[in-house]
Amino acid sequence: MSNEIEIGQGKRGRRAYSFDDIAVVPSRRTRDPKDVTLNWQIDAFQFTIPVIAAPMDSVMSPASAIALGNNGGLGVLDLEGLWTRYEDPTSLLAEIAQLDDANVTARMQEIYSEPIKDELITARLQEIRAAGVTVAGSLSPQRTQEHYETVLKAGVDLFFIRGTTVSAEHVSSDAEPLNLKKFIYDLDVPVIVGGAATYQAALHLMRTGAAGVLVGFGGGAAHTTRTSLGIHAPLATAVADVAAARRDYLDESGGRYVHVIADGGLGHSGDMVKAFACGADAIMVGAALARASEAPGGGYHWGPEAHHSELPRGERVHVGTVGTLHELLFGPGTRADGTTNMMGALRRSMATTGYSDLKEFQRVDVVISPYQAQ
């Protein structure tokens, strides 16, 4: 049965759903939350929570990446951010938080015009490695060829190629595009790529040899992609579509499992619950962790799209500070809005619906239940 809707006589569109449009349904069985595990593993790397911090300067510094690693998650450092452009960017981070809205974009463009320094990439990654946690860094597709050798020599464990959208079939008349399949094949570390938002795009990325695919396009709290480019992929449908690509690729490849990572629009624990219900193996979060007292953004949040030199597609947003990183992840919760004790909420939701691990929870029933603000 088709879910296409006629927009006009000359155009039809597929109905897609955001996390606000769906809800998880309890089953006949419940469990004790203490019997639920949130463990997640990709390649040889094991984590006690399925949380990956987005590579954004407002979320991740070397120190906060280490803190998240010590709490069981994975911090990914933006290797094109302030920490690889400046020896000590703390004063600049404070300045960005204090800028008025009228001047913030122009000033951020100036700050981020400082060149990336390979020696700082090495120093930041080595700092994280010295702390004994899993080391992860991210480059955009445009910068990968330029800096990946430095990243590998520094000893990265997991390498992320992250952009607003990443394609296995990029076409350019000006430069030779990154050949993802050859690039990933030649590396000795697992590579996670994205964003992708459709079944076909994700399937092509899986065929490049990627260990994981980031799912999302312009849905984060600091994105303005929908208003600036007119492009948006409601995440519930996107995650479910990419999960279907994972299933079909598993058969096609003879058993190779590629992890699906929901990325963007996961600001509250209820959104995280629904991401796993739609088929995600893990989640990449930005704003949810930018609210931590340890976050470098000081209560503000922005991504690399906010300071693009030619076409900004994001903005700095105020998210506030609601607690320590540990309180945000594990409580005790001090708010009833899904911003604290987020892992406790995920664990309780899984227990309430009768599931003991994340892989099982992907089978939970969902209903279409559009949220109506009071």
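Structural data are supplied above this passage.
No experiment lies behind these values; they were computed from the predicted model shown.

## Looking at the environment of Leu152
Looking at where Leu152 falls in the secondary structure, it is placed in helix H5 (residues 141–154). Classification of Leu152 by relative accessible area gives partly exposed; the value is 29%. Each C-alpha atom of the pair Leu152 and Val189 lies 8.3 Å from the other, and the pair is 37 residues apart in sequence. For Leu152, the residues in contact, after removing those within four places along its chain, are Leu187 and Val189.

## What to know about a nonpolar patch on the surface
A contiguous nonpolar patch, built from Leu229, Ile231 and Leu311 and spanning about 230 Å² of accessible area, is present on the exposed surface. Tracing the backbone shows Leu229 in helix H8 (residues 225–229). A relative accessible area of 38% places Leu229 in the partly exposed class.

## Details of the nonpolar core
With 100 residues, the main nonpolar core has Phe159, Phe160 and Leu289 as its most contacted residues. In terms of residue count, helix H9 (residues 235–252) provides more of this core than any other element does, 7 residues in total. Setting aside chain neighbours within four positions, we find Leu289 in contact with Val51, Ala53, Val59, Leu68, Ala295, Leu325, Leu328, Leu329 and Met342. Formed by 13 residues, the second largest nonpolar core is a distinct cluster that contains Trp83, Leu92, Leu99 and Ile111.

## Some words on a negative patch on the surface
On the surface, Glu87, Asp88, Asp118 and Glu119 cluster together to form a negatively charged patch. Overall, Glu119 belongs to the exposed group, its relative accessible area being 54%.

## Re the side chain of Asp271
Relative to the elements of secondary structure, Asp271 occurs in helix H10 (residues 269–277). Despite being buried, Asp271 has no salt bridge partner; Lys274 is the closest side chain of opposite charge, sitting 4.7 Å away. In contact with Asp271, not counting residues within four places along its chain, are Phe19, Asp20, Gly265 and Leu266.

## Thoughts on the side chain of Arg124
Tracing the chain through its elements places Arg124 in helix H4 (residues 118–130). Here Arg124 is buried and forms no salt bridge, its nearest opposite-charge partner Glu127 lying at an N-O distance of 4.5 Å. Dropping the residues within four chain positions of it, Arg124 is found in contact with Pro62, Leu77, Trp83, Thr84, Tyr86, Glu87, Asp88 and Pro89.

## Description of unusual backbone geometry
Here Gly194 and Gly195 are connected by a cis peptide whose omega angle stands at 15°. Structurally, Gly195 is set in strand E10 (residues 191–196). The linkage connecting Gly331 with the following residue, Pro332, adopts the cis geometry, with an omega of 5°. Examined against the element boundaries, Pro332 turns out to sit in the loop between helix H12 (325–330) and helix H13 (342–352). Of note in the backbone geometry, Asp43 takes a positive phi value of approximately 55° without being a glycine. If you trace the backbone, Asp43 turns up in the loop between strand E4 (40–42) and strand E5 (45–47). A positive phi angle is found at Asn341, which is not glycine, with a value near 50°.

## Some remarks on the sheet that holds strand E11 (residues 212–215)
Here 8 strands make up a closed barrel; going around it, the order is E6-E7-E8-E9-E10-E11-E12-E13 and the pairing parallel. Along the sheet, successive strands turn relative to each other by an average axial angle of 25°, direction set aside. By the bridge criterion, 3 bridges tie strand E7 (residues 74–78) to strand E8 (residues 136–139) in an arrangement that is parallel. Looking across to E8, one finds that Val76 is bridged to Ala136. On top of the sheet, H9 reaches E11 and strand E12 (259–263); it is set at about 170° to E12, its chief contact.

How each quantity is defined
Residues numbered from 1 in each chain as written. Predicted model: local features only at pLDDT ≥ 70, side-chain atom pairs only at ≥ 80, totals over all residues. Heavy atoms only, no water. Helix = DSSP H or I, 4+ residues; strand = E, 2+ residues; numbered from the N terminus. Buried < 20%, exposed > 50% of the residue type's maximum accessible area, 1.4 Å probe, protein only. Contact = heavy atoms within 4.5 Å. Patch = residues over 30% accessible without salt bridge, like charges linked within 9 Å, V, L, I, M, F, W, Y side chains within 5 Å. Areas by Shrake-Rupley, 256 points an atom, 1.4 Å probe, with all protein chains shown as cover. Salt bridge = Lys/Arg side-chain N within 4 Å of Asp/Glu carboxyl O. Core = buried A, V, L, I, M, F, W, Y, C linked by side-chain atoms within 4.5 Å. Lys, Arg positive; Asp, Glu negative; His and termini not counted. Charge placed at Lys NZ, Arg CZ, Asp CG, Glu CD. Pairing = 2+ DSSP bridges. Axes fitted to C-alpha atoms, helices over the stretch in contact; angles between N-to-C directions.

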